[in-house]
Amino acid sequence: MAAKEKKFFLRGDKWKIAAFLGLFLAAFFVAACCYGDYLLSYGEKVFTLSPGETEKQENPEGGANNSDEEEKAEAETETDLEPSGSAGEEPEPGTGEEEPPDEELGGDKPSPYPPPPGEILKIKDGDYLLALVTKQTTLGDYAPTDLVPIPAEYIKPAQRQWKYYLRQEACENLIRMCEAAREEGVELFVISAYRSYETQERLFRDYAQRNGEEKANTFSARAGQSEHQLGTVVDFGGTSVDKTQAFADTQPGRWLAENAHRFGFAMSYPLDSQRITGYIYEPWHFRYIGEESALAWKESGQVLCVFLEGQEQFWEGH
Ligand SMILES: [Zn+2]
């Protein structure tokens, strides 16, 4: 009986164990299949898509084609965003962008103007319309190569036996200006224009002999330091008060002060600016700097040399 019972028990036990094992194997099989699927799909995700694209897969709406398009779109947006993003962070990258040139300038060009007392900067190219010509700079023996004679009709009648020259562009605009003034009933006459290094040297020596060097220095430039050497400067006159401050109150004096900038000319030495320019008020002396620059200069309200200091300058040895 006991043996029977034992047998039966064993039989029953075997059945239970078999059932348990069967269930366990079934469960394991199901779990393994699911995990396998998961692994496969994960593998696809990982190995067929780039990291940037995994986000799109989280978008359940994205069909294969749509997500491709979206991927492209997003990729494009990202590349678009990169530059605009950095532009948006202007404070940091902005200063970053500004700093390198500053460092370059600081390294190569340690803001040479104004130079230390006693030092004079050599202008690299006198052809440059905005070259800064002051008592701290020199043109050396620069001479323009495109000088043309000013037509006699624009020269003061008493001086028409002499020839006066300007660089071509300056001369063309001088003529344009004289014609415009003439249409308004104002006669503009040239009494001085281009002066070479040698002429200026002689002129300054004569003034210095007559007035003393210190005084001559307030109304005449030393050789190499005259704007007239640029070939873009004109002294106007033909009045009874030529080369005096009263010229400002003559008809041509007033017209020039109001209109010269429209033709690219700037008054270099205005009233009350001797402290800045080193020269007395010269309402007759105008320099051609180009129309666009002259308009900007007028708009700035600055003395010409200060305005030019703010423009790019090129010095020899810097
Ligand atoms: Zn002059």
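Predicted model only: the values in this text are computed from it and were never measured. (Residues numbered from 1 in each chain as written. Predicted model: local features only at pLDDT ≥ 70, side-chain atom pairs only at ≥ 80, totals over all residues.)

**Section: the overall build of the protein chain**
Secondary structure assignment for the protein chain yields 11 helices and eight strands. The buried share of the protein chain, taken over its 318 residues, is 25%. A sequence separation of at least 24 residues applies to 60% of the contacts in the protein chain between residues at least 6 apart. (Helix = DSSP H or I, 4+ residues; strand = E, 2+ residues; numbered from the N terminus. Buried ≥ 20, exposed ≤ 12 C-beta atoms within 10 Å, placed from the backbone. Contact = placed C-beta atoms within 7 Å.)

**Let's talk about unusual backbone geometry**
What you tend to see is this: most non-glycine residues have negative phi, and most peptide bonds are trans. A cis amide bond links Tyr113 to the next residue, Pro114, at an omega of -5 degrees. Looking at the element boundaries, Pro114 is found in the loop between helix H4 (90-108) and strand E1 (121-122). We note that Lys243 has phi near 55 degrees; this positive angle belongs to a residue other than glycine. Within the secondary structure layout, Lys243 lies in the loop between strand E6 (233-237) and helix H8 (251-259). Positive phi values are uncommon outside glycine, yet Asp272 reaches one of about 60 degrees. Examined against the element boundaries, Asp272 turns out to sit in the loop between strand E7 (265-267) and helix H9 (274-277).

**With respect to the nonpolar core**
Taken as a class, soluble globular proteins show a tendency for nonpolar side chains to be buried jointly. Within the largest apolar cluster, 45 residues are counted, with the highest numbers of intra-cluster contacts made by Ile150, Leu174, Val190, Ala266 and Phe286. Of all the elements in the fold, those that place two or more residues in this core are helix H5 (168-183), strand E5 (189-192), E6, E7, strand E8 (285-288), helix H10 (291-300) and helix H11 (304-309). At six residues, the largest contribution of residues to this core is made by H5. If we skip the residues at most four places from it in the chain, Leu174 touches Ile150, Tyr154, Leu166 and Val234. (Core = buried A, V, L, I, M, F, W, Y, C linked by C-beta atoms within 7 Å.)

**What about H8?**
Of all the residues in H8, the buried ones are Pro252, Gly253 and Leu256. Along H8, the residues classed as buried sweep out an arc of 105 degrees about the axis, all on the same side. On its buried side, H8 packs onto E6 and E8. (Arc of directions from axis to C-beta.)

**Observations regarding H5**
An α-helix turns once per 3.6 residues; consequently, residues spaced three or four apart project the same way. A rise of 1.5 Å per residue sets the reference length of H5, with its 16 residues, at 22 Å; its end C-alpha atoms lie 23 Å apart and thus fit the reference within 8%. Three or more residues of H5 are buried, namely Ala170, Cys171, Asn173, Leu174, Met177, Cys178 and Ala181. In a view along the axis of H5, the buried residues occupy a sector of 165 degrees, so they form one face of it. Opposite the buried face of H5, by more than 90 degrees, sit the exposed residues Glu179 and Glu183. Residues of H5 that are buried in the fold lie against strand E3 (147-149), strand E4 (165-167), E6, H8, E7 and E8. (Expected span 1.5 Å × (residues − 1).)

Scope: geometric values only; no functional claims are made or implied.
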